[in-house]
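The residues making up each chain are set out below.
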Amino acid sequence: MSRLKAHQKKTVTFRLNGLPVRADAESRTLLSDFIRHEIGMTGTHVGCEHGVCGACTIQVDGAPARACLMLAVQAEGTDIRTVEALSPGDDRLSALQAAFKRHHGLQCGFCTPGILMSLDALIGARPDAGREEVRDHLSGHLCRCTGYATIVEAALSALDDIRREDNDNV
Amino acid sequence: MKPAAFDYLQAATLDEALDLLHEAGGDARVIAGGQSLVPMLNMRLARPAVLVDIMRIDDLRKIEAEGNDIMIGAGVRQAQLEAWPDLSARLPLVAMALPWIGHVQTRARGTVCGSLAHADPSAELPLSLIALQGNLHLRTKRKRRTVAADDFFLGMMATELGEGEMIEAVSLPSRSEGTGYGFNEIGRRHGDFAITAVAAVVTERSASIAIAGVDDRPRRFDVPLPSDPGLDDALNEIAWDLNARDDIHASARYRRELVRRLGRRTIEEAAACLV
Ligand SMILES: Cc1cc2nc3c(=O)[nH]c(=O)nc-3n(C[C@@H](O)[C@H](O)[C@H](O)COP(=O)(O)OP(=O)(O)OC[C@H]3O[C@@H](n4cnc5c(N)ncnc54)[C@H](O)[C@@H]3O)c2cc1C
Ligand code: FES
Ligand code: FES
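Conventions used here
Residues numbered from 1 in each chain as written. Chains lettered and ligands numbered in written order. Predicted model: local features only at pLDDT ≥ 70, side-chain atom pairs only at ≥ 80, totals over all residues. Heavy atoms only, no water. Near = heavy atom within 4 Å. Polar contact = N/O pair within 3.5 Å; in protein donor to acceptor, adjacent residues only side chain to side chain. Areas by Shrake-Rupley, 256 points an atom, 1.4 Å probe, with all protein chains shown as cover. Helix = DSSP H or I, 4+ residues; strand = E, 2+ residues; numbered from the N terminus. Nonpolar A, V, L, I, M, F, W, Y, C, P; charged D, E, K, R; others polar. Domains from an automatic or database assignment. Contact = heavy atoms within 4.5 Å. Buried area = accessible area lost by both parts, 1.4 Å probe. Salt bridge = Lys/Arg side-chain N within 4 Å of Asp/Glu carboxyl O.

As a further point, take the site of ligand 1. Residues and elements named next belong to chain B. If you check the shell around ligand 1, you find 32 residues, and the closest are V30, S36, L37, T111 and E124. A distance of 2.8 Å is found between an oxygen atom of ligand 1 and a backbone nitrogen or oxygen belonging to G34. Contact with the protein chains hides 94% of the accessible area of ligand 1, taken as 970 Å² for the molecule alone. Those elements that provide at least two residues to the shell around ligand 1 are strand 2 (28–31), helix 7 (112–118) and strand 10 (166–173). Per-element accounting of the shell around ligand 1 gives the leading share, 4 residues, to helix 7. Grouping the amino acids of the shell around ligand 1 by side-chain chemistry returns 15 nonpolar, 14 polar and 3 charged.

Residues and elements named next belong to chain A. According to the domain assignment, chain A contains domain 1 (9–84) and domain 2 (95–168). With centres defined by C-alpha atoms, the gap from domain 1 to domain 2 works out at 22 Å. With 17 residues of domain 1 in contact, the opposing surface of domain 2 contributes 12 residues. Summed over both partners, the interface of domain 1 with domain 2 buries about 1,100 Å², with 61% contributed by carbon and sulfur atoms. Per-residue buried area on domain 1 facing domain 2 is highest for H45, Q59 and V83; these three make up 37% of the total on that side. Across the contact surface, domain 1 and domain 2 share 1 salt bridge. Put simply, D120 and R81 hold a salt bridge, and the shortest N to O gap is 2.7 Å. One can count 7 residue pairs in polar contact (both at pLDDT 80 or more) joining domain 1 with domain 2. The set of elements that each furnish at least two residues to the side of domain 1 that touches domain 2 consists of strand 3 (57–60) and strand 4 (63–66). The element that contributes the greatest number of residues to the side of domain 1 that touches domain 2 is strand 3, accounting for 3 residues.

Have a look at this one:
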């Protein structure tokens, strides 16, 4: 790639929730702002913009990562998932989302999209995960409402549901 | 909370990266995982004119055994090293330290060498490098040099890296027979920067500890064996020798106490896995 000058724009292309997207970004445009303002998907939240709160967490090539600590230009060619990808259809919730609703895993909901994307990655990679791993994944997130206990319960309950579903399908 | 404007190059080869670092001199900065640099850009604590992205350079993404050393390229992310199947067998100390670095979400992007270049005084990887007495392989457009761990860290976020120079790889000595390793850390919460972290390397005849989070850089000391009654005195001297300071996270006194207690515990744990 040639050098992108300050203030100059470049077209960035990547897959977002399974579909190709393209839009223009300056070198300094953060991926979180690119997804929200250029693509117009506002499910990904922005809290601290220095990597601490986890509200902006998305999945980049399958791994949870901070969108506020990536430049949009760094996302070129990657495969990105945001919270909008979780629901299996209109007015339907994924097992993880349904468990959050059941267990009151959210109150104001500001931290929720980021937490869901971290937990979704954990469930995908380690369906046998237990409480310790759930807590370890949550350590990268701040929630000012719930006190975390209901989030842990929701995650464990979703893991149970998913394991049961897998067994039923054997 | 948005970065100031900068020129950006996603380098495809190491030569391309080194050319631009050379041309732009002190105005250029490497961006690797971005987990320390982007927060500084967002807060405008850093305003480089040029950023050179090294993460698409295939040659830098390797973990390789070279003789007794494990070479870790500048493009290797912390998560990639964590998932390396030989990690516990070849680099047991690093295997113990890695889970303490930030969170799953930051390790997915942050690199091993980026943490060394950043040189945070409480960071786990600089501590491991000092404890294991590894080497850094530095490179400019014109020359290469190898710098020993003890000569690399100069102070709080200050290193031996010169203008236009980057870390190409770090090499760490592989586990040797008859050596035990220990690692412990105290922080406010798991994933926070350490208030104090300790690494120990113990053999039948020698013991050493390295300490992060107390002085302005990680430091290493030879200490008596855990069976030696002089160990506590030695740890106490080390605690006073380090320039512990009060900050919002802990007092200097608390840090000295951690050096004494965590120091002994870590040395004992290292000795226990000697067998
Ligand atoms: C919420 C949070 C918690 C964290 N907790 C911890 C923690 O507990 N312990 C810890 O150690 N770290 C922690 N970190 C920082 C860690 O995640 C970073 O990965 C690491 O410090 C820097 O690595 P990087 O690849 O992200 O480097 P970058 O952010 O890309 O770069 C950091 C600095 O190093 C320079 N640099 C990078 N690579 C090279 C190279 N090859 N040659 C020359 N210079 C280079 C850059 O120019 C920059 O100055 C945390 C970060 C966050 C956001
Ligand atoms: S907004 Fe990205 S971590 Fe807080
Ligand atoms: S639900 Fe309000 S911050 Fe988590």
